[in-house]
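A closer look at the structure
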Amino acid sequence: MDMVSIIGTILGFVVIIVGTILKGSTVGALWNPAAFVIVFFGTLAALLVQNQGKVLKHALSMMRMIYRPPQHQPTDLISRIVGWSEISRRQGLLGLEPQIEAESDPFISKGLQLLVDGGEPDAIRSVLEVDLDTREAIDLAGAKVYENAGIYAPTLGIIGAVMGLMAVMQNLADPSKLGHGIAAAFVATIYGVALANMFMLPMSARLKALVSKQTQMREILIEGLVSIAQGDNPRQIESRLQGYVA
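In short, a report on the structure. Sequence order as written defines residue numbering, which begins from 1 separately in each chain. Local features in this predicted model are restricted to residues of pLDDT 70 or higher, and side-chain atom pairs are both shown and tallied only at a pLDDT of 80 or more, whereas totals for entire chains, interfaces and linings draw on every residue. The basis for the side-chain values is all heavy atoms of the structure; hydrogens and waters are excluded.

1. Some details on the packing of aromatic side chains
The geometry of an aromatic ring pair is captured by two quantities: the separation of the ring centres and the angle between the planes. Think of it this way: a Phe, Tyr or Trp ring, Trp meaning its six-membered ring, pairs with another when their centres are within 6.5 Å, and the plane angle makes it stacked under 30 degrees, edge-to-face over 60, tilted otherwise. For the structure on display, the rule yields five aromatic pairs. Centroid distance Phe 36 to Phe 40: 4.5 Å. Interplanar angle 25°. Geometry classified as stacked. Highlighted residues: Phe 36 and Phe 40, both in helix H2 (residues 33-50), separated by four residues, approximately one helical turn. Under the scheme applied here, a residue whose accessible area is under 20% of the maximum for its type counts as buried, over 50% as exposed, and between as partly exposed, the area being computed with a 1.4 Å probe on protein chains only. Exposure remark for Phe 40: the relative accessible area of 30% places this residue in the partly exposed category. Connected via pairs of aromatic rings, a cluster forms that spans Trp 31, Phe 36, Phe 40, Phe 41 and Tyr 191. Over a ring means this: the NZ of a Lys or the CZ of an Arg is within 6 Å of the ring centre and within 35 degrees of the ring normal. Between Arg 218 and the ring centre of Phe 107, over which it is positioned, the NZ or CZ distance is 5.3 Å. Under the scheme used here, helices are H or I runs from DSSP no shorter than 4 residues and strands are E runs no shorter than 2 residues, and both carry numbers assigned from the N terminus.

Here you go:
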C-alpha cells in the first residue's frame, strides 16, 4: 500500500472539514443532498456521455494503482534480462522456455515466447512495440477519465450554485431563509472545486506518471530481448540498459 496517497486522500477530507469549522461554520453545513446529486451525478452523466463503457470500467480498475501502485524496479528487470542472456548463451534460446511459465506478466511471457520461437530481432521489436503502444493508449484513456471528471466537476458546482441561488430568489420575501439558502447554494461549488482539485486531477496526474513508468519498464524489456536475439554479450546488454536507469 502507498501510505503517502492514503494520507493525502484522508488529509483532503480533513482540510475541508477543519477549514469549515475554523471559518465559524458547522460540519453539517457541508451536507446538501441537492448539491451532491447535481455535482456527483452530473459529473458521472457527463463521463457516461463522453466515454465508452469499457473505458470507464478500465478507469475504475486503475484506481487501485493509486493506493497499491505496481513496483517499478528497473535495476531488478535489467538483472533478470542479463540472467536470460547468460542462459541463452549457455543453453541456447530454448533454455529460456522454463522462464516463460514462471512469468506472471503477459507482456514478458509474450516477449520470451517470441525469443524462444527464434523470431528475428526486428520482428520481436515490431510485435512488442505494437503491444506497448496499445497498452499505453488504453491506460492513458483510463487516466484521462479522471482528468475529464476534474474538468466537469467545477462547472457542475457552478450550475448547482446558480440553481440554489434561483431558489433563494424565490424566497426574498422571507429574509430568515436567505442566509441558509445562499450558504446551501455555495455548497455545490465546494463539492465541484474540491472534487476536481483535491481528488480527480491529482489522481489523473498520478496515473499518468505510473503509466509512463510502466512504459519505460516495457521499453527496457523490449531492448533487452532484442539484444538477446541479436546475440549480444551480457555485459554489453547490461551497459546499454543502464542508460534507461540513468
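2. Some points on H2
Each helix should span, by expectation, one fewer than its residue count multiplied by 1.5 Å. End to end, H2 covers 25 Å across 18 residues, agreeing with the expected 26 Å (1.5 Å per residue, within 8%). Along H2, the residues classified as buried are Ala 35, Ile 38, Val 39, Gly 42, Thr 43 and Leu 47. One side-chain oxygen of the residue at the start of H2 lies 3.2 Å from the amide nitrogen of Ala 34, identifying that residue as Asn 32. Distance and chemistry together define a polar contact, namely a pair of N or O atoms within 3.5 Å, with one atom able to donate a hydrogen and the other to accept it when in protein, and with adjacent residues in sequence counting only for side-chain atoms on both sides.

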